[in-house]
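Commentary on secondary and tertiary structure
Chain by chain, the residues:
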Amino acid sequence: QSQEISQAQIDYHLVLQALQEHGTRMVCTGKMHTDRICRFDNLCYSSEAEDFVFFHSNSSVMLPNLGSRRFQPALLDLSSVEDHNTQYFNFLELPAAALKFMPKPVFVPDVTLIFNRFNPDNLMHVFHDDLLPAFYTMKQYLDLDDEARLVFMEGWGEGPHFDLYQFLSTKQPLLKDQLKNFGKLMCFTKSYIGLTKMTTWYQYGFVQPQGPKANILVSGNEIRQFAKAFMEKMNITRVEKADKNGGNLEYDKESERMDEYIVLFSRSTTRLILNEAELIMALAQEFQMRVVTVSLEEQSFPSLIQVISGASMLISMHGAQLVSSLFLPRGAVVVELFPFAVNPEQYTPYKTLTSLPGMDLHYISWRNTKEENTVIHPDRSWEQGGIVHLEKEEQERILASKDVPRHLCCRNPEWLFRIYQDTLVDIQSFLEVLKEGINSKSNLKKGKAASTVHPGRVREAQCQTYIQNSNEAKLTVSWQIPWNLKYLKVREVKYEVWIQEQGENTYMPYILPQQNYTFSENIKPFTTYLVWVRCIFNKNLLGPFADVLMCKT
Ligand code: UDP
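Our subject in this report is the structure included herewith. (Residues numbered from 1 in each chain as written. Predicted model: local features only at pLDDT ≥ 70, side-chain atom pairs only at ≥ 80, totals over all residues. Heavy atoms only, no water.)

**Digging into the overall build of the protein chain**
- The helix and strand tally for the protein chain stands at twelve helices and 28 strands.
- The principal-axis extents of the C-alpha atoms in the protein chain amount to approximately 90 × 70 × 55 Å.
- Within the protein chain, buried positions represent 51% of all 553 residues.
- Across the protein chain, the fraction of contacts at a sequence separation of at least 24, relative to all contacts at a separation of at least 6, is 71%.
- Carbon and sulfur atoms form 51% of the exposed surface of the protein chain, whose accessible area is close to 26600 Å². (Helix = DSSP H or I, 4+ residues; strand = E, 2+ residues; numbered from the N terminus. Buried < 20%, exposed > 50% of the residue type's maximum accessible area, 1.4 Å probe, protein only. Contact = heavy atoms within 4.5 Å. Areas by Shrake-Rupley, 256 points an atom, 1.4 Å probe, with all protein chains shown as cover.)

**Examining the site of the ligand**
- Near the ligand lie 14 residues; those nearest to it are R267, T269, R271, E297 and A320.
- A distance of 3.0 Å separates an oxygen atom of the ligand from a polar backbone atom of L123.
- R271 is positioned with one of its side-chain polar atoms (N or O) 2.8 Å from an oxygen atom of the ligand.
- Across the complex, the protein chains shield 77% of the 510 Å² of accessible surface that the ligand would expose by itself.
- Counted by class, the shell around the ligand contains four nonpolar, six polar and four charged residues. (Near = heavy atom within 4 Å. Polar contact = N/O pair within 3.5 Å; in protein donor to acceptor, adjacent residues only side chain to side chain. Nonpolar A, V, L, I, M, F, W, Y, C, P; charged D, E, K, R; others polar.)

**So, empty space enclosed by the protein**
- A full pass over the atoms with the stated rule returns one cavity of 30 Å³ or more.
- What the largest cavity holds in volume is close to 30 Å³.
- As for the largest cavity, its lining consists of P209, Q210, Q346, Y347, R406 and H407. (1 Å grid on protein atoms, 1.4 Å probe; cavity = no way out; pocket = protein on both sides within 12 Å on 5 of 7 lines; lining within 4 Å. Points joined across faces, edges and corners; volume = space filled by probe spheres on them.)

**Section: the packing of helix α2 (residues 123-140) against helix α4 (residues 220-233)**
- α4 packs onto α2 with a crossing angle of 85° between their chain directions and a minimal axis gap of 11 Å. Comparing the axis directions of α2 and α4 gives the class roughly perpendicular. Taken together, the residues of α4 that come into contact with α2 (itself represented by F127, L131, L132, F135 and Y136) are E222, I223, Q225, F226, A229 and F230.
- In the contact of α2 with α4, the residues fall into nine nonpolar, one polar and one charged. (Axes fitted to C-alpha atoms, helices over the stretch in contact; angles between N-to-C directions. Parallel < 35°, antiparallel > 145°, perpendicular 65-115°, else oblique.)

**Notes on the state of the cysteines**
- Counted according to the given criterion, the structure contains four disulfides.
- Residue C28 pairs covalently with C38 via a disulfide, S to S 2.0 Å. Linking C28 and C38, the disulfide has an S-S dihedral of approximately 100° and is accordingly described as right-handed. Residue C28 is found in strand β1 (residues 25-29), and its partner C38 is found in strand β2 (residues 37-46); the two are separated by ten residues along the sequence. (Disulfide = S-S within 2.5 Å.)

**Observations concerning the sheet that holds strand β14 (residues 261-265)**
- Across the sheet, which stays open at both edges, the five strands sit in the order β15-β14-β16-β17-β18 with parallel pairing between neighbours. Every interior strand has two partners, whereas the edge strands, β15 (290-294) and β18 (362-367), have only one. Ignoring strand direction, the axes of neighbouring strands in this sheet form an average angle of 20°. (Pairing = 2+ DSSP bridges.)

**Some thoughts on the nonpolar core**
- Within the largest apolar cluster, 73 residues are counted, with the highest numbers of intra-cluster contacts made by F127, L326 and F327.
- Not counting chain neighbours up to four residues away, the residues in contact with L326 comprise F127, L132, I223, F226, A227, L353 and M359.
- Formed by 26 residues, the second largest nonpolar core is a distinct cluster that contains M26, C28, L66 and V108. (Core = buried A, V, L, I, M, F, W, Y, C linked by side-chain atoms within 4.5 Å.)

**Here we look at the pattern of salt bridges**
- For the coordinates displayed, the defined rule picks out 25 salt bridges.
- A salt bridge links D41 to R39; the nearest nitrogen and oxygen atoms lie 4.0 Å apart.
- Ionic pairing is found between D360 and R330, a salt bridge with its closest N-O pair at 2.7 Å. In this pair, D360 is assigned in the loop between α9 (349-354) and β18 and R330 in the loop between β16 (313-317) and β17 (333-338), connecting sequence segments 30 residues apart.
- The buried category is assigned to D360, whose relative accessible area is 18%.
- A network of salt bridges, in which partner residues are shared, links R39, D41, D143 and K190. (Salt bridge = Lys/Arg side-chain N within 4 Å of Asp/Glu carboxyl O.)

**With respect to the layout of surface pockets**
- Computed from the structure, the largest pocket encloses a volume of approximately 1500 Å³.
- What lines the largest pocket is a set of 50 residues, and nearest its centre among them are N119, N122, H125, A320 and Y420.
- At the level of elements, α2, α9 and α11 (413-419) are the ones that each hand at least two residues to the lining of the largest pocket.
- The class makeup of the residues in the lining of the largest pocket is 22 nonpolar, 19 polar and nine charged.

**Some details on the sheet that holds strand β25 (residues 516-519)**
- If you walk across this open sheet you meet the three strands as β21-β22-β25, and the pairing is antiparallel. Whereas interior strands pair on both sides, the edge strands pair on one side only; in this sheet they are β21 (459-467) and β25. Here the average twist between neighbouring strands, direction ignored, is 15°.
- Where β21 and strand β22 (residues 473-480) come together, seven bridges link them in antiparallel fashion. Of the residues in β22, the one forming a bridge with C463 is V477.

**Focus: α4**
- End to end, α4 covers 20 Å across 14 residues, agreeing with the expected 20 Å (1.5 Å per residue, within 8%).
- G220, I223, R224, F226, A227, F230 and M231 are the residues of α4 that are buried. The buried residues of α4 occupy an angular sector of 160° when the element is viewed end-on, so they sit on one face.
- Residues of α4 that are buried in the fold lie against α2, α3 (162-166), α8 (301-308) and α9.
- Immediately beyond the C-terminal end of α4, within one or two residues, lies N235, with a positive phi of roughly 60°. (Expected span 1.5 Å × (residues − 1). Arc of directions from axis to C-beta.)

**Examining unusual backbone geometry**
- Omega for the peptide link from L63 to P64 comes to 10°, which places this bond in the cis form.
- Along the chain, P64 turns up in the loop between β4 (61-63) and β5 (76-77).
- Put simply, Q72 and P73 share a cis peptide bond, and its omega is -5°.
- Checked against the element boundaries, P73 lands in the loop between β4 and β5.

Pasting the structure below:
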């Protein structure tokens, strides 16, 4: 991957003239700065000013044209983390005529995607905040193809996972610091700024305690498509064996169990499992499976993913390395361990990931409840959970507390103190939690993914009414199957009918297996009923309601 930007294919005078005449053009999506991605022709960057520059001319376009609302608080978020005040994007404005007095621009002919990496040192952040959003932003805009240029504006160095960012395109990504090597003024012929937030599932707790995002829009399918594309880039071929029987843990055949294995993801500097060897032995004995250890410190990322992509179970202390669950085969079990005084319910980035619809992973958490099995590190720096810098009383309070109360990101000392403890895992309680978790889940569907095809509307819905006497009436509702059903094999097709007396604010719901039904209970003569009908596949795939029927008895 070359960092050079080829100037050969451009006619410098022509593109400079175009910039002078046409200035910059911007067209964006999104009503709010938090859901906006902008596309620019001829957006420039001044490395002196460390600012992007929009050149106004007679043919410039700036849509949305926000006036000074562009600064309230920003045009858009440069990272996928919503509305974070260190991640805002804006540009400076100049008349195109000013170009005459400015350094000669260097043009970047590549289609460029410009964004901030949020925390490139941390693997969870790398995948969740940067790689998945960048991957799907590139899917959204066709010209952001394999040859797109990525520019990271957060200002950090390459970081430990730069090779992963390099998989996004064949061109070498540029860091903010490198932009000045291209001269004082750099102009991107075609660029996109911002990232889709559609794929993110977790909010880190900047304004409210951390937890799943309120409106998750991604499913296991999109995560797996991403994982598949990344594995191809890493030259990993998934060993399909675990998929054949859905990776389930109850085996009929001894032979099938032979190549199943458990992966223990080990951390070697902080938040340690102190008795890994004992844990491995116990697991091997309990499940009669091989147990393989992996760690970010001891192997390349591709080799680690090769191992994880064929595992039946992934076990790890809470931590960023657990984002690698997205490479597990369907049906695998994820076991997340939590140190003493840390409540698994409050820290769920990996639970949320593994529980996305269609991920088909089983999530189990275990928590150390024995204080004698925890090893604390009060003397460390505050970032690593040290507390000796705090007032004596505060230290004592933290030491006496058995549960970290809910808190905001990112510097809560009690949280950092507890999450960076090392743990001696109590084997008996661990195996109990594991067995119980697996048993309660083994009834769940295994193997092939359930269909996600939703029913269409029922067709030709109609009603007929009959008056029996002055107190009783009947209402017959009938309909035809949804159009797409005739092309599908569906295990169970049912219909839901809602009947509401006009003017009332409650309705009666009915679930029916057939395509017509005569209602007589609670049906009164000389009354108008509103009737809705929809189709349901396999109990939970709901179709849309057909147009409401007005049925007068
Ligand atoms: N890390 C690691 N081994 C360790 C400690 C950390 O591989 O012993 C990795 C971890 O997976 C993450 C990064 O280093 O990618 C930062 O770890 P930190 O503990 O700061 O973050 P967390 O894992 O709690 O998100």
